[in-house]
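Chain by chain, the residues run as shown.
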Amino acid sequence: PLMYMAGGAFAASKTDSRGGRGGRGRGKGRGPPSSNSTSSPSPALLTANIKNARTLDSLFGTVTAHLGRFNHIHLSACWNTLGRLAAGADPLWFQRHAKELESLAQTTAEVAETSAEVRARELANIAHGAAKSGRAAGLGAVWAALADAIERRIGDCNAQELANVAWAFARAEHRSSALFDALAAAAEKRAADFNPQELSNTVHAFAKAGHSSPALFAAVAEASGRRLAEFTPQGLANTVWAFATADVASHAFFEAVAAAALSRLSAFNPQDLASTAYAFAKAAHASPALFEQIGASAARRLPSF
């Protein structure tokens, strides 16, 4: 799935297409019973059916028929698909599918809490899909279970998964200091492995969540400073916005961002211009040339603001 943030998209982890074993790990399922085994799809086909659902009605039809057979891979695929389909669905879709969503959430929390098979990849994908679903506020038990499970597997997360988890929990506004501390420690050690989008997404999520981590921001500043030419205009704007919002002072970093932004300010959209101007003003970082060019560019595009 693609992670959306502040006018742009995140790259996200791929869902494992393997069906896995039919079981869901330890614990009994709370969802509707599966259909007779002679008419049930194989685990791999069930994964494919979930991923290929074109409507929420189709997806929740599969949930109703087979939730009792869902394993960690099926749940990962299901939340990914739910997040994708919910973005373009009737905003009141959840009223039609309240019962199925509740069963899905209960099963997901149980598997996250008890399964020894679920991996960091599936947990990150579940978190991403849940955040995109628009129903994050009603999934408290899911977020709590995911936070604990991801924290236990933090060493298994790659850079993409660390960034995606931070984004998901920030978007869901689910406060988990222990998880964010673990994410910060892992990301700080591996900042050099992050691509520009992951660097930007991570600090943006921490700033949005209001979770202070000076060491993480210092590591991101160092890793980003060498690669600012690879950042998109939105990536530059979001990153410098995060530093300002988190009250992280870094004269050298702001100077580097100013130089990188000036070289391609014409590619900045109104949101990028506004975020960049806000960040430099909040940080009280003087950059006359940058502000002059932002002002001139904004004046030419006022109707777009």
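The present account deals with the structure reproduced in this document. On a predicted model such as this, the values are computed, not experimentally measured, just so you know. For every chain, the first residue of the written sequence is number 1, and numbering continues from 1 onward in sequence order. Thresholds applied to this predicted model are a pLDDT of at least 70 for local features of residues and 80 or more for the giving and counting of side-chain atom pairs; totals over whole chains, interfaces and linings are not thresholded and use all residues. Side-chain numbers come from the whole structure's heavy atoms, not from hydrogens or water.

Quick word on the nonpolar core
Right, so step 1: Throughout this description, the term nonpolar core refers to a set of buried Ala, Val, Leu, Ile, Met, Phe, Trp, Tyr and Cys residues connected via side-chain atoms within 4.5 Å. Exposure categories follow from relative accessible area, calculated using a 1.4 Å probe and restricted to protein chains: below 20% of the type maximum is buried, above 50% is exposed, and the middle band is partly exposed. In this structure, Leu82, Trp143, Leu146, Ile150, Phe169, Leu183 and Phe243 are the most contacted members of the largest nonpolar core, which totals 95 residues.
Right, so step 2: Put simply, DSSP H or I for four residues or longer makes a helix, DSSP E for two residues or longer makes a strand, and each gets a number counted from the N terminus. The dominant element in this core, judged by the number of residues it contributes, is helix α8 (residues 159-172), at nine residues.
Right, so step 3: Throughout, a contact is declared for two residues whenever any of their heavy atoms are within 4.5 Å. Leucine 82 has contacts with Leu56, Leu59, Phe60, Trp93, Leu101, Leu104 and Ser133, leaving out every residue within four places of it along the chain.

Side note on helix α6 (residues 120-132)
Right, so step 1: A helix's residues, less one, multiplied by 1.5 Å, set its expected span. For α6, spanning 13 residues, the distance from its first C-alpha to its last is 18 Å, which sits close to the expected 18 Å at 1.5 Å a residue.
Right, so step 2: Counting buried residues along α6, twelve of its 13 residues qualify, which places the element largely inside the surrounding structure.
Right, so step 3: Every buried residue belonging to α6 is among Ala120, Glu122, Leu123, Ala124, Asn125, Ile126, Ala127, His128, Gly129, Ala130, Ala131 and Lys132, and all of these are buried.

What to know about unusual backbone geometry
Right, so step 1: Backbone geometry at glutamate 173 places phi at a positive 55 degrees, although glycine is not the residue there.
Right, so step 2: Here glutamate 173 shows up in the loop between α8 and α9 (177-189).
Right, so step 3: Phi at alanine 284 is positive, roughly 55 degrees, even though this residue is not glycine.
Right, so step 4: In this structure, alanine 284 sits in the loop between α14 (270-282) and α15 (288-300).
Right, so step 5: Judged by relative accessible area, alanine 284 falls into the exposed class, the value being 67%.

Focus: the side chain of threonine 108
Right, so step 1: One can find threonine 108 in helix α5 (residues 98-114).
Right, so step 2: Its relative accessible area of 2% is what places threonine 108 among the buried residues.
Right, so step 3: In the analysis that follows, any N or O atom pair within 3.5 Å is treated as a polar contact, provided that within protein one partner can donate a hydrogen and the other can accept it, and provided that, for residues neighboring in sequence, both atoms belong to side chains. Among the polar contacts listed, one links the side chain of threonine 108 to the backbone oxygen of leucine 104, at a separation of 2.7 Å.
Right, so step 4: Not counting chain neighbours up to four residues away, the residues in contact with threonine 108 comprise Leu75, Trp79, Ile126 and Val142.

Overview of the pattern of salt bridges
Right, so step 1: Salt bridges are counted wherever a side-chain nitrogen of Lys or Arg sits within 4 Å of a carboxyl oxygen of Asp or Glu. Tallied over the entire structure, the rule returns seven salt bridges.
Right, so step 2: Between arginine 96 and aspartate 57 there is a salt bridge whose closest N-O contact spans 3.9 Å. Of the two residues, arginine 96 sits in helix α4 (residues 93-96) while aspartate 57 sits in helix α2 (residues 56-66), which places them 39 residues apart along the sequence.
Right, so step 3: On the basis of relative accessibility, which here comes to 47%, the residue arginine 96 falls in the partly exposed class.
Right, so step 4: A relative accessible area of 45% places aspartate 57 in the partly exposed class.
Right, so step 5: One salt bridge connects glutamate 222 with arginine 226, and the closest N-O pair in it is separated by 4.0 Å.

Details of the packing of aromatic side chains
Right, so step 1: For Phe, Tyr and Trp, rings pair up if their centres lie within 6.5 Å, where Trp contributes its six-membered ring, and each pair is then called stacked (planes under 30 degrees apart), edge-to-face (over 60) or tilted (otherwise). Applying the stated criterion across every chain, the model contains eight aromatic pairs.
Right, so step 2: Centre to centre, the rings of phenylalanine 60 and tryptophan 93 are 6.0 Å apart; their planes meet at 20 degrees, and the pair counts as stacked. Of the two residues, phenylalanine 60 sits in helix α2 while tryptophan 93 sits in helix α4, which places them 33 residues apart along the sequence. Each of the two residues, phenylalanine 60 as well as tryptophan 93, counts as buried.

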